[in-house]
Amino acid sequence: MSTSETDPPTGEVVVTAYPDGPLLVRGPATILDQDGRPVPRSRATVALCRCGGTAIAPWCDATHKVNGFRTDA
Ligand code: FES
């Protein structure tokens, strides 16, 4: 796994809201579905959809770029 200035310290979870886009989750957060079951993740950083348009919920599939989702509205 690579590290960079944007990686949180080991064990810390950082959630960043991207303008007009997803929530980026960096660090060892457990993502649960609506029934409380863990959603498997294979990356250290994942993007959670907040536009409601994704076809691969809860993950962002970049649909926000074409569905007009805006966070400043
Ligand atoms: S935020 Fe990216 S698909 Fe919804």
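Preceding block: the structure.
The structure reproduced in this document is the subject of the present report.

Brief notes about the overall build of the protein
Step number 1: Counting secondary structure elements, the protein contains zero helices and three strands.
Step number 2: Counting from the amino terminus, the protein carries its helices and strands in the arrangement β-β-β.
Step number 3: Per-residue burial for the protein yields a buried fraction of 22% across its 73 residues.
Step number 4: Excluding contacts between residues fewer than 6 apart, the proportion of contacts in the protein whose partners are at least 24 apart in sequence is 26%.

Digging into the sheet that holds strand β1 (residues 14–17)
Step number 1: Ordered by their spatial adjacency, three strands build an open sheet running β1-β2-β3, and the pairing between neighbours is antiparallel. The open sheet has two edge strands with one neighbour each: β1 and β3 (45–48). Recorded for the sheet is a direction-independent mean angle of 20° between the axes of neighbouring strands.
Step number 2: Of the strand pairs in this sheet, strand β2 (residues 23–26) and β3 are connected by four bridges, and their pairing is antiparallel. By the bridge assignment, Leu23 is partnered in β3 with Leu48.

Focus: the pattern of salt bridges
Step number 1: Tallied over the entire structure, the rule returns two salt bridges.
Step number 2: Note that Asp33 is salt-bridged to Arg37, the shortest N-O span being 3.2 Å.
Step number 3: Given a relative accessible area of 23%, Asp33 falls into the partly exposed group.

Considering unusual backbone geometry
Step number 1: With an omega of 10°, the peptide bond between Ala57 and Pro58 qualifies as cis.
Step number 2: The topology assignment puts Pro58 in the segment after β3.
Step number 3: In the Ramachandran plot, Asp20 falls in the positive-phi region, its phi being about 60° despite a non-glycine side chain.
Step number 4: Position of Asp20 among the secondary structure elements: in the loop between β1 and β2.
Step number 5: You can call Asp20 partly exposed: its relative accessible area is 26%.
Step number 6: For Ala62, which is not glycine, the phi torsion reads 75° and is therefore positive.
Step number 7: One can find Ala62 in the segment after β3.

Quick word on the nonpolar core
Step number 1: Residues Val25, Ala29, Ile31, Val39, Val46, Leu48 and Trp59 constitute the largest nonpolar core, which totals seven residues.
Step number 2: Setting aside anything within four residues of it in sequence, one finds Val46 in contact with Leu23, Leu24, Val25, Arg41 and Trp59.

The rules behind the values
- Position numbers for residues count from 1 along each chain, tracking the sequence in the order it is written.
- With the structure being a predicted model, the display of local features is reserved for residues of pLDDT at least 70 and the display and counting of side-chain atom pairs for 80 or more, all residues being used for whole-chain, interface and lining totals.
- To get the side-chain values, take all heavy atoms of the structure and skip hydrogens and water.
- Put simply, DSSP marks the helices as runs of H or I at least four residues long and the strands as runs of E at least two long, and each gets a number from the N terminus on.
- Any residue under 20% of the maximum accessible area for its type is buried, any over 50% is exposed, and the rest in between are partly exposed; the area is computed with a 1.4 Å probe on protein chains only.
- Working rule for contacts: check all heavy atoms of both residues, and any pair within 4.5 Å makes them a contact.
- The pairing criterion is simple: DSSP has to find at least two bridges between the two strands.
- Throughout, an axis means a line fitted to C-alpha atoms (over the contacting stretch in the case of helices), and angles, computed between N-to-C directions, take values from 0 to 180 degrees.
- Each salt bridge in this description consists of a side-chain nitrogen of Lys or Arg and a carboxyl oxygen of Asp or Glu lying within 4 Å of one another.
- We define a nonpolar core as any set of buried Ala, Val, Leu, Ile, Met, Phe, Trp, Tyr and Cys residues linked to one another through side-chain atoms lying within 4.5 Å.

In short, geometric facts, not functional conclusions.
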